[in-house]
Amino acid sequence: RTASQVAAPGSKGPGGLALVAAGKVRDLYDLDRDHLLFVTSDRVSAFDVVLNEGVPNKGRVLTAVATWWFEQTRDVIENHLVSTSVDDVPGLSAAERETLAGRIMIVRRTRPTSVEWVVRGYLAGSGWKEYQRTGGLWGQELPSGLEHAAALPDPMLTPTTKDDAHDLPLSLDQARERVGDEVYAQAERAAMALFRRGSEVLSQRGLLLADTKFEFGLIGDDLILIDEALTPDSSRMWPVSQWQPGTNPPAYDKQPLRDWLETLDWNKQPPAPVADPAVLERLSLRYVELCERLTGRRLSSL
Ligand code: ATP
Ligand code: MG
């Protein structure tokens, strides 16, 4: 199994661990009663279709970036990360250890809230679409005349469902009803505080945080940050230098892929076209560069 193939549900993974779920990018294994093993592959999706080929080192970059943010934000909210060391996973073969090094997280098992806690600082993607239609966002009012990619007066919470196919918008009241008042209050506070922290840190590195998604889970009554946070896969980051309201700034990470796909005669439906290795290499460099820009650590030293 290479780092880019999708694991079949029910199959056994590294160390004979049972697969719990395979997302577009990550595979989750059952480690023990209180812990899960997260394996981040090199898979990449564009226009919601996963390519057959992986982007070299992408899984390692996402793991390094998420880990770095978990360390940076522990004062805002506790998170699920326990270890990133393959030494802490029992029963791995030498080959498995090599494949998995740098791309795993051992995390605390939680009960995830059934909401994706999306926060927006700028008008992009589905936020921009909704603003054009309704003049607001998720039932919350906004000044008229804002342009594509414009900064919002204040960051806004725009939650969605967590569905397999397409996540649907939830009004703030609907999100509150789903999780209960207590959890809602904690999640809202944490999501907004994490967004502010993320924006501050990224702006010091010449990047704007346009929008991002957080997930939270419960252990008993304690709400903690789970999944990944403030990674290029869960966020829209723009280089400040390329930000211009009224245009659609390129996303930092996947732009080379999107640009190349746009040159093809492809209807954006599966199967994905065979990826040009040179494009994958450019993408890989983009991810590695982002990792260094953010964390100050070179991928080779991770
Ligand atoms: P995709 O990213 O492909 O849209 P996804 O987000 O459902 O789908 P992944 O991100 O690949 O899938 O897998 C992560 C899954 O694990 C999510 O369903 C997430 O809610 C869940 N998860 C993350 N952290 C924890 C945790 N600490 N405890 C329990 N579940 C978790
Ligand atoms: Mg995910």
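For the structure itself, consult the block above.
K.L.:
Which parts of the structure should I look at to understand the pairing of strand E16 (residues 235-239)?
P.N.:
Successive residues of a regular strand alternate their side chains across the two faces of the sheet. Buried residues dominate E16, accounting for four of its five residues. Note: strand E14 (residues 207-219) against E16, five bridges, orientation antiparallel. In the sheet register, leucine 207 faces E16, and the bridge partner there is proline 239.

K.L.:
Explain the site of ligand 1 here, please?
P.N.:
As a matter of local geometry, ligand 1 sits amid 16 residues, with Lys24, Arg26, His80, Arg108 and Glu215 nearest to it. Interatomic distance of 2.9 Å between a side-chain N/O atom of lysine 162 and an oxygen atom of ligand 1. Protein chains bury 78% of the 610 Å² of accessible surface belonging to ligand 1 in isolation. Only strand E2 (26-32), strand E3 (35-40) and strand E7 (104-108) provide two or more residues apiece to the shell around ligand 1. Here the shell around ligand 1 is composed, by residue class, of six nonpolar, three polar and seven charged.

K.L.:
What is the right way to read unusual backbone geometry from this model?
P.N.:
Comment: phi is negative for the bulk of residues other than glycine, and the bulk of peptide bonds are trans. The peptide bond linking proline 270 to proline 271 adopts the cis configuration, its omega dihedral lying at 0°. Looking at the secondary structure, you find proline 271 in the loop between helix H6 (255-262) and helix H7 (277-295). Although it is not a glycine, tryptophan 138 sits at a positive phi angle of roughly 55°. Take tryptophan 138: it is sitting in the loop between strand E10 (136-137) and strand E11 (140-141). Take tryptophan 138: its relative accessible area is 9%, and that puts it in the buried class.

K.L.:
What am I meant to see in the sheet that holds E2 here?
P.N.:
The pairing of strands in a sheet comes from backbone hydrogen bonds and takes either a parallel or an antiparallel form. In spatial order, the strands read E1-E2-E3-E7-E6; together these five strands make up an open sheet with antiparallel pairing. Of all strands in the sheet, those bounded by a partner on one side alone are strand E1 (18-22) and strand E6 (81-83). Neighbouring strand axes in the sheet, compared pairwise and without regard to direction, differ in orientation by 35° on average. The sheet contact formed by E6 and E7 spans two bridges and is antiparallel. Looking at E7, one finds that leucine 81 is bridged to valine 107. Contacts from helix H1 (residues 58-72) reach E3, E6 and E7, with the element oriented near 40° to E7.

K.L.:
How should I be thinking about the packing of helix H4 (residues 172-179) against helix H5 (residues 181-203) in this particular structure?
P.N.:
Packed helices, taken two at a time, are described by the angle their axes make and the gap between the axes. Two elements in contact, H4 and H5, have axes separated by 6 Å at closest approach and are oriented at 120°. In terms of axis orientation, H4 runs oblique to H5. Between H4 and H5 lies a crossing of right-handed hand. Judged by residue contacts, Leu172, Ala175, Arg176 and Val179 of H4 engage Asp181, Val183 and Tyr184 from H5. Class assignment of the residues belonging to the contact of H4 with H5 gives a composition of five nonpolar, no polar and two charged.

What counts, and where the lines are drawn
Residues numbered from 1 in each chain as written. Chains lettered and ligands numbered in written order. Predicted model: local features only at pLDDT ≥ 70, side-chain atom pairs only at ≥ 80, totals over all residues. Heavy atoms only, no water. Buried < 20%, exposed > 50% of the residue type's maximum accessible area, 1.4 Å probe, protein only. Helix = DSSP H or I, 4+ residues; strand = E, 2+ residues; numbered from the N terminus. Pairing = 2+ DSSP bridges. Near = heavy atom within 4 Å. Polar contact = N/O pair within 3.5 Å; in protein donor to acceptor, adjacent residues only side chain to side chain. Areas by Shrake-Rupley, 256 points an atom, 1.4 Å probe, with all protein chains shown as cover. Nonpolar A, V, L, I, M, F, W, Y, C, P; charged D, E, K, R; others polar. Axes fitted to C-alpha atoms, helices over the stretch in contact; angles between N-to-C directions. Contact = heavy atoms within 4.5 Å. Parallel < 35°, antiparallel > 145°, perpendicular 65-115°, else oblique. Left-handed = near helix turned anticlockwise from the far one by under 90°.

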